[in-house]
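Chain residues, written in single-letter form:
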Amino acid sequence: MKSDFIWMNGELVPAAQALVPVLSPTLHYGLGAFEGIRCYATPTGSMVFRLQDHMQRLIASSHIMGVRTFPYSQQELCEAALATIRKNKFTSCYIRPLLYMDGPLGLNLDVSEPKVAIATWEWGTYLGADALEAGVHMMVSSYTRHHINATMTKSKITGNYVNSVMAKTLALRSGYDEAIMLDPEGYLAECSGENIFLVRNGEIYLPGRATILEGITRDSLYKLARDAGYTVHEGQISRDQLYIADEVFVCGTAAEVTPVRAIDHRTVGAGRRGPVTKALQDAFFETVNGKGKRSAEWLSKV
Ligand SMILES: Cc1ncc(COP(=O)(O)O)c(C=O)c1O
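Residues numbered from 1 in each chain as written. Predicted model: local features only at pLDDT ≥ 70, side-chain atom pairs only at ≥ 80, totals over all residues.

1. Let's talk about the site of the ligand
- Among the 13 residues in the neighbourhood of the ligand, the closest are listed as Gly215, Ile216, Thr217, Gly252 and Thr253.
- With three residues, the single largest contributor to the shell around the ligand is helix α6 (residues 216–227).
- Broken down by class, the residue content of the shell around the ligand amounts to two nonpolar, eight polar and three charged. (Near = placed C-beta within 6 Å. Helix = DSSP H or I, 4+ residues; strand = E, 2+ residues; numbered from the N terminus. Nonpolar A, V, L, I, M, F, W, Y, C, P; charged D, E, K, R; others polar.)

Right under this line is the structure:
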């Protein structure tokens, strides 16, 4: 995760100087919000995928958490992210904006001040180099995804990720690649850091938005699937519907579009990347590489 310069509250500083105090309320209580964004090297230069939407979600996450005033506009955040990529001379990279709270410890947001840092680093495939083709083996986790009125599922609040880390760690220690989590009612929600899609008889099924993070990759694939003429259903999905799907794939900024070859030791479909997954994966990579119909709409030039 090498990054020479980090943007901190309006300035690009050497990474070693981008520090927060040990007594930061963010460190003690998980009071922060973050984003994960990718910049791709395309034939016409480096491009950031859906930058404005990610920065809008960062502002929304902090609003959901209860921060009264976000210290920067969406436009300022986008410009800061682009400046950070340029300063680090990356052609492709991952971008991590973080809102953190600066001030005295206490269970009260109003006594600390929101601050922002943006880091960038080079990052390859998230679930392994061959996962994009061979697929991954997932476990339905014994950890439940957050109840919608416990922590707020529409926001990338840092504290929410303890649930993801516990599920992912248990999956890895148990020999799986990633965890699928059910909502408190037992319906399919999402993964530790990805949303999930099912395919059955050529049609696409997605868990509803109530208990999940509204992933920007999910939204992109939803739109690309509609563009390609697929029927897309959104609603409650049970665990056994996962087992009898023809295809399952997960998606997110980190995982991009990754096929699932097995769930809980049950082979999914043919046990390899299926045709709908391949079609949407191709459409996604075409788009992020600047060659898709929606590329102009979704890419920002560095
Ligand atoms: C819990 C969770 N679900 C889904 C996603 C996918 O969201 P996106 O496609 O916006 O990266 C992420 C990653 O940000 C996540 O952390």
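2. Digging into the packing of helix α2 (residues 51–65) against helix α3 (residues 74–88)
- Relative to each other, α2 and α3 sit at 120°, their axes nearing to 9 Å. Comparing the axis directions of α2 and α3 gives the class oblique. Pair α2 / α3 crosses with right-handed handedness. Here α2 contributes Leu51, Gln52, Met55, Gln56, Leu58 and Ile59 to the contact with α3, which in turn contributes Gln74, Leu77, Cys78 and Ala81.
- Across the contact of α2 with α3, the residue classes tally to seven nonpolar, three polar and no charged. (Axes fitted to C-alpha atoms, helices over the stretch in contact; angles between N-to-C directions. Parallel < 35°, antiparallel > 145°, perpendicular 65-115°, else oblique. Left-handed = near helix turned anticlockwise from the far one by under 90°. Contact = placed C-beta atoms within 7 Å.)

3. Thoughts on the pairing of strand β9 (residues 178–182)
- Most of β9 is tucked away, with five of its five residues classed as buried.
- Every second residue of β9 is oriented toward a common face, with Glu178, Ile180 and Leu182 on one face and Ala179 and Met181 on the other, all of them buried.
- Relative to β9, strand β8 (residues 136–140) is paired through three bridges, and the arrangement is parallel. Bridge assignment links Val140 to a residue of β9, and that residue is Ile180.
- Chirality of the crossover, the property in question, places the unit of β8, helix α5 (residues 161–173) and β9 among those that are right-handed.
- For β9 and strand β10 (residues 188–191), the ladder comprises three bridges, and the chain directions are antiparallel. (Buried ≥ 20, exposed ≤ 12 C-beta atoms within 10 Å, placed from the backbone. Pairing = 2+ DSSP bridges. Right-handed = clockwise from strand over helix to strand, strands pointing away.)

4. Description of the pairing of strand β4 (residues 37–42)
- When β4 meets strand β6 (residues 93–102), the two strands line up antiparallel, connected through three bridges. Pairing of Arg38 across the sheet is with Tyr94, part of β6.
- Counted along the chain from β4 to the antiparallel partner strand β5 (residues 45–49), the turn is two residues long.

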